[in-house]
Amino acid sequence: PLQLADGDIKLGIGDDAAIVDLSGDHEITTAVDTLVEGVHFPTGMEADAVGYRSLAVNLSDFAAIGATPRYATLALALPAVDQKWLEAFSVGLGQALRAADISLIGGDTCQGALTITIQLIGTIDGAPMARQGAKPGDTLLVSGTLGDARAGLELMKQPGGIDTGHSKALVERFMRPQARLTLGVEARC
């Protein structure tokens, strides 16, 4: 097995993703996120949206540092096998994988509270946009509209809260966030 010396870790714990320099000419980027039903998404949320969101939040971490995703792994805990839910989850996850042009290469399943963990593996070419070097006076970039996803989540919690086109758009921002991978790479350059 590959053993990494501390000098191989270029960006580690405390940022959106890690970067490891292998043999001096290859940099690997990795990030992992876990979503738990009732904590990170509402109980009963549509399975396809859960699948999509579970990858999209991870992709956003790559966009934040300007990395390019290549592969993903999935760990999925389910209270019980539900074929219909799994099919819908797979559709949403597949849509997000295709949109980012990455492959699911492995993972694990077990029984337990509904929990989805996705790890991304990718590459970065050049210096990352890392939090660790931020200082007063630096430019802070924000894409999208702050608060839309949170407003969508709050609407989802209210009975009958999704009644207008604007409400539906806010809920969509929560259920299917758009990771701005290209913008992240361009902003880093």
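Residues numbered from 1 in each chain as written. Predicted model: local features only at pLDDT ≥ 70, side-chain atom pairs only at ≥ 80, totals over all residues. Heavy atoms only, no water.

Undergrad: What exactly am I supposed to notice about the packing of helix α1 (residues 47-65) against helix α2 (residues 83-100) here?
TA: The relative placement of two packed helices comes down to the angle between their axes together with the axis-to-axis distance. It is the contact of α1 with α2, at a shortest axis distance of 6 Å, that shows an interaxial angle of 35°. The crossing of α1 and α2 is right-handed. Across the interface between the two elements, A47, D48, V50, G51, Y52, S54, L55 and L59 from α1 touch W85, A88, F89, G92, L93, Q95, A96, L97 and A100 from α2. Its residues placed into classes, the contact of α1 with α2 shows twelve nonpolar, four polar and one charged. (Axes fitted to C-alpha atoms, helices over the stretch in contact; angles between N-to-C directions. Helix = DSSP H or I, 4+ residues; strand = E, 2+ residues; numbered from the N terminus. Left-handed = near helix turned anticlockwise from the far one by under 90°. Contact = heavy atoms within 4.5 Å. Nonpolar A, V, L, I, M, F, W, Y, C, P; charged D, E, K, R; others polar.)

Undergrad: I would appreciate a short explanation of the packing of helix α3 (residues 148-157) against helix α4 (residues 165-175) in the present structure.
TA: For the pair α3 and α4, interaxial distance at closest approach is 7 Å and the crossing angle is 110°. Considering their axes alone, α3 and α4 lie roughly perpendicular with respect to each other. On the side of α3, the interface is formed by D148, A149, A151, G152, L153, L155 and M156, while α4 contributes S167, L170, V171, R173, F174 and M175. Tallied by class, the residues present in the contact of α3 with α4 amount to nine nonpolar, two polar and two charged. (Parallel < 35°, antiparallel > 145°, perpendicular 65-115°, else oblique.)

Undergrad: I tried to follow unusual backbone geometry on my own but got confused; where do I start?
TA: Across residues other than glycine, the phi torsion is negative in most instances, and most of the peptide bonds are trans. One non-glycine residue, D101, lies in the positive phi region at around 55°. Structurally, D101 can be placed in the loop between α2 and β5 (103-111). Given a relative accessible area of 69%, D101 falls into the exposed group. (Buried < 20%, exposed > 50% of the residue type's maximum accessible area, 1.4 Å probe, protein only.)

Undergrad: For this particular structure, what's the right way to read the environment of T117?
TA: Within the secondary structure, T117 is located in strand β6 (residues 115-123). Measuring from C-alpha to C-alpha, the distance between T117 and A77 comes to 8.7 Å, with 40 residues separating the pair along the chain. Ignoring anything within four residues of it in the chain, the contact list for T117 reads V32, D33, T34, T73, L74 and A75. A polar contact of 2.8 Å, which involves the side chain of T117, links it to the side chain of T34. (Polar contact = N/O pair within 3.5 Å; in protein donor to acceptor, adjacent residues only side chain to side chain.)

Undergrad: Help me understand α2, please; the structure alone is not making it clear to me.
TA: Two residues of an α-helix separated by three or four positions point the same way, owing to the 3.6 residues in each turn. Helix length check: α2 (18 residues) gives 26 Å between terminal C-alpha atoms against 26 Å at 1.5 Å per residue, within 8%. Within α2, burial applies to W85, F89, G92, L93, G94, A96, L97 and A100. Capping of α2 at its N-terminal end is provided by D82; its side-chain oxygen lies 3.2 Å from the backbone amide nitrogen of K84. Backbone geometry just after α2 places D101 at a positive phi near 55°. (Expected span 1.5 Å × (residues − 1).)

Undergrad: For this particular structure, what's the right way to read the pairing of strand β4 (residues 68-78)?
TA: For a regular strand, side chains alternate in direction, first toward one face of the sheet and then toward the other. In this structure, β4 lies alongside β6, joined through nine bridges in antiparallel fashion. Note that in β6 the partner of A72 across the bridge is L120. One ladder, built from eight bridges, connects β4 with β5; its direction is parallel. Bridging from a neighbouring strand, A77 pairs with C110 of β5. (Pairing = 2+ DSSP bridges.)

Undergrad: Could you clarify how one ought to interpret the confidence of the model for the protein in this entry?
TA: Low-pLDDT stretches of the model should not have their predicted coordinates read in fine detail. Confidence along the protein averages 82 in pLDDT terms, with 83% of residues attaining 70 or more. For the protein, per-element mean pLDDT is lowest for strand β2 (residues 18-22), which scores 69, and highest for α2, which scores 95. (pLDDT = per-residue confidence, 0-100.)

Undergrad: Is there a simple way to explain the packing of aromatic side chains in this structure?
TA: Aromatic rings considered in pairs are described by the distance between their centres and by the relative angle of their planes. Taken as a whole, this structure holds one aromatic pair when the rule is applied. Seen from their ring centres, W85 and F89 are 5.1 Å apart, and the 15° between their planes marks the pair as stacked. Of this pair, W85 and F89 both sit in helix α2, four residues apart, which is roughly one turn of that helix. Assigned by exposure class, W85 and F89 land together as buried. (Phe/Tyr/Trp six-rings, centres within 6.5 Å; stacked < 30°, edge-to-face > 60°.)

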